[in-house]
Amino acid sequence: MIAESTSVLVDIRKYDGSLSARWTAARLGEDEHGVWLGTVQGVPVRSATGGWTSRFGYVMLVPRGAWWTATFCADPGPELYCDVCTAPEWEPDGTVLRMVDLDLDVVRPRGGEARIEDEDEFVGHRVSYGYPQSVINKARQTCEWLMEAVRREGDGAEPFASAYRYWLGLIG
């Protein structure tokens, strides 16, 4: 069960404005890494291709001014799923979060090593949606930075090493 919550509509679009995904999460709080949102198992998610319910609970970190978000999942989901996106923007009242999905994802399976997913979508969409070169460059830079930051070597960088565990514990 989620302890403290303000409902937040997470609205993710593709570069052409079409819906990528939309769901309601609970604002858990914030720390030096950004704002933390929680979603319990069974929450409805809508997309341009239909809908589903979340298969497991997770927390999403929305960093300030960065071109990514990070989702940390409860078992049996992947340990970490980072979306490369435009810098997330909040409505002034904090109840709606919007960003544009740029297709590239960095995923770390439970107990495994990080990998990049959906590069084929990125290549196709940069042409079909007409990504400007500045967006292509920023997406690639962000993806490279994320790959380095989420590696398991050494102690690992926060918030990817362990900071998320506190927030994940709040959803239950």
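Placed above this text is the structure.
This one's a predicted model, so the numbers in the text were calculated from it and none came from an experiment.

1. So, the overall build of the chain
Looking only at helices and strands, the chain features three helices and 11 strands. Here the C-alpha atoms of the chain give a radius of gyration of 15 Å, agreeing with the 16 Å that 2.2 N^0.38 yields for 172 residues. Principal-axis analysis of the C-alpha atoms places the extent of the chain at approximately 45 × 40 × 30 Å. In the chain, which comprises 172 residues, the proportion classed as buried is 49%. For the chain, long-range pairs separated by at least 24 residues make up 49% of all intrachain contacts whose partners lie at least 6 apart in sequence. With the model as given, the accessible surface of the chain reaches about 8500 Å², and the carbon-plus-sulfur share is 51%.

2. Some points on the state of the cysteines
Scanning the model with the defined rule gives zero disulfides in all. A disulfide-free cysteine, Cys73 has its sulfur positioned 10 Å from the sulfur of Cys82, the nearest such atom. Judged by relative accessible area, which is 6%, Cys73 ranks as buried. No disulfide involves Cys85; its sulfur sits 9.9 Å from the nearest other cysteine sulfur, which is in Cys82.

3. What to know about the pattern of salt bridges
Across all of its chains, the model carries 14 salt bridges by this definition. With a shortest N-O distance of 2.9 Å, Arg64 and Glu30 are connected by a salt bridge. Here the residue Arg64 occupies a position in the loop between β6 (58–62) and β7 (68–73), and Glu30 occupies one in strand β2 (residues 19–31), the gap between them amounting to 34 residues. Note that Arg140 is salt-bridged to Glu119, the shortest N-O span being 3.0 Å. Of this pair, Arg140 sits in helix α2 (residues 133–149) while Glu119 sits in helix α1 (residues 119–128), and the two are 21 residues apart along the sequence. Taking the relative accessible area as the measure of exposure, Arg140 reaches 26% and is therefore partly exposed. A relative accessible area of 37% means that Glu119 is categorised as partly exposed. A network of salt bridges, in which partner residues are shared, links Asp11, Arg13, Arg22, Glu91 and Arg98.

4. Brief notes about the nonpolar core
In globular proteins that are soluble, nonpolar side chains generally tend to be buried together. Counting 32 residues, the largest nonpolar core has Trp36, Val59, Ala70, Phe72, Cys82, Val106 and Phe160 as the members making the most contacts within it. Broken down by secondary-structure element, the contributors of at least two residues to this core are β6, β7, β8 (80–85), β10 (96–108), α2 and α3 (164–169). Per-element tally for this core: the top contributor is α2, with seven residues. Apart from the residues within four sequence positions on either side, Phe72 is in contact with Trp36, Tyr58, Val59, Leu61, Glu79, Leu80, Pro159, Phe160, Tyr164 and Leu168. Counting 18 residues, the second largest nonpolar core, distinct from the first, contains Trp23, Ala25, Val35 and Leu37.

Rules behind the numbers
For every chain, the first residue of the written sequence is number 1, and numbering continues from 1 onward in sequence order. Local features in this predicted model are restricted to residues of pLDDT 70 or higher, and side-chain atom pairs are both shown and tallied only at a pLDDT of 80 or more, whereas totals for entire chains, interfaces and linings draw on every residue. The basis for every side-chain value is the complete set of non-hydrogen atoms in the structure, without hydrogens or water. Each helix is a run of H or I in the DSSP string that is no shorter than four residues. Each strand is a run of E no shorter than two, and both are numbered from the N terminus. We compute the radius of gyration from the C-alpha atoms alone; for a globule the expected value is 2.2 Å times N to the 0.38, where N is the number of residues. Relative accessible area decides the class of each residue, using a 1.4 Å probe on protein chains only: under 20% of the type maximum gives buried, over 50% gives exposed, and in between gives partly exposed. Note on contacts: a residue pair is in contact if any heavy atoms of the two residues lie within 4.5 Å. Only the protein chains shown count as cover for residues, and all accessible areas are computed by the Shrake-Rupley method using a 1.4 Å probe. A pair of cysteine sulfur atoms is labelled a disulfide when the two atoms are within 2.5 Å. Salt bridges are defined as contacts in which a side-chain nitrogen from Lys or Arg sits within 4 Å of a carboxyl oxygen from Asp or Glu. Residues belong to a common nonpolar core when they are buried Ala, Val, Leu, Ile, Met, Phe, Trp, Tyr or Cys residues joined through side-chain atoms within 4.5 Å.

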